[in-house]
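Residues per chain, in single letters:
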Amino acid sequence: MFSGAHVILYTRDAEADRAFLKNVVGFEHVDAGGGWLIFKLPPAEVAVHPTDGEPKHEMYLMCEDLTQTLTTLEDRGAEISRAITDQGWGLLAAVRLPSGTELPLYEPRHPTAHGDSP
């Protein structure tokens, strides 16, 4: 029925953040025209969480080895904006996009729907 998911990140500096995803993160991409890059993501999953507050959406990039991923990204010029913390369900950290927006990363310690579960 569905062939994929399309995630949109709204940002104050789309051009700089696209360059970051292309050059620092290394995501493959296509040009949809006029430099409007669309990036190939790794396999994904979606979770539905309850909230008493205003509904929102979040995006996290999942890593098999968060420490190594952060080292690689930092070597490529990324700023680590949140150091690794143990959340129980996984290890959580973040890097800062050029626009100032944080991009959360995590190493799951829960079963995953997109591949081999821990």
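Residues numbered from 1 in each chain as written. Predicted model: local features only at pLDDT ≥ 70, side-chain atom pairs only at ≥ 80, totals over all residues. Heavy atoms only, no water.

## What to know about the sheet that holds strand E5 (residues 90–96)
Here is step 1: What the four strands build is an open sheet, ordered E3-E6-E5-E4; its pairing is mixed. Pairing within the sheet leaves two strands with one partner each, and these edge strands are strand E3 (61–62) and strand E4 (79–86).
Here is step 2: The sheet contact formed by E5 and strand E6 (residues 102–108) spans seven bridges and is antiparallel. Its bridge partner lying in E6, Leu91 is registered against Glu107. (Pairing = 2+ DSSP bridges. Helix = DSSP H or I, 4+ residues; strand = E, 2+ residues; numbered from the N terminus.)

## Quick look at the pattern of salt bridges
Here is step 1: Per the stated rule, a full pass over the model turns up four salt bridges.
Here is step 2: As a salt-bridge pair, Arg109 and Asp86 come within 2.7 Å of each other at their nearest N and O atoms. With a gap of 23 residues between them, Arg109 in the segment after E6 and Asp86 in strand E4 connect regions that are remote in the sequence. (Salt bridge = Lys/Arg side-chain N within 4 Å of Asp/Glu carboxyl O.)

## Concerning the UniProt feature "domain: VOC" (unreviewed entry) in the protein chain
Here is step 1: UniProt's entry tags residues 3–108 with the feature "domain: VOC" (unreviewed entry), counted in the numbering of this structure.
Here is step 2: End-to-end, the C-alpha atoms of residues 3–108 are 25 Å apart, and along that stretch the chain is 19% helix and 28% strand. (UniProt positions renumbered as here; feature names shortened; annotations may be inferred.)

## Some points on the packing of aromatic side chains
Note on aromatic pairs: each is described by the distance of the centres and the angle between the planes.
Here is step 1: Under the defined criterion, the tally for this structure stands at two aromatic pairs.
Here is step 2: Taking 5.7 Å as the distance between ring centres and 85 degrees as the angle between the ring planes, the aromatic pair formed by Tyr60 and Tyr106 counts as edge-to-face. Residue Tyr60 is located in the loop between strand E2 (37–39) and E3, and its partner Tyr106 is located in strand E6; the two are separated by 46 residues in the primary sequence.
Here is step 3: The exposure class assigned to Tyr106 is buried, which follows from its relative accessible area of 9%.
Here is step 4: Ring centres of Trp89 and Tyr106 lie 5.1 Å apart, and the angle between their planes is 85 degrees; on these two criteria the pair is classed as edge-to-face. Linking Trp89 in the loop between E4 and E5 with Tyr106 in strand E6, this pair joins segments that are 17 residues apart in sequence.
Here is step 5: On the accessibility criterion, Trp89 (37% relative accessible area) is partly exposed.
Here is step 6: Among the aromatic side chains, those forming a connected cluster through ring pairs are Tyr60, Trp89 and Tyr106.
Here is step 7: Above the ring of Trp36, the side-chain terminus of Arg18 is found at 4.3 Å from the ring centroid. (Phe/Tyr/Trp six-rings, centres within 6.5 Å; stacked < 30°, edge-to-face > 60°. Buried < 20%, exposed > 50% of the residue type's maximum accessible area, 1.4 Å probe, protein only. Lys NZ or Arg CZ within 6 Å of the ring centre and 35° of its normal.)

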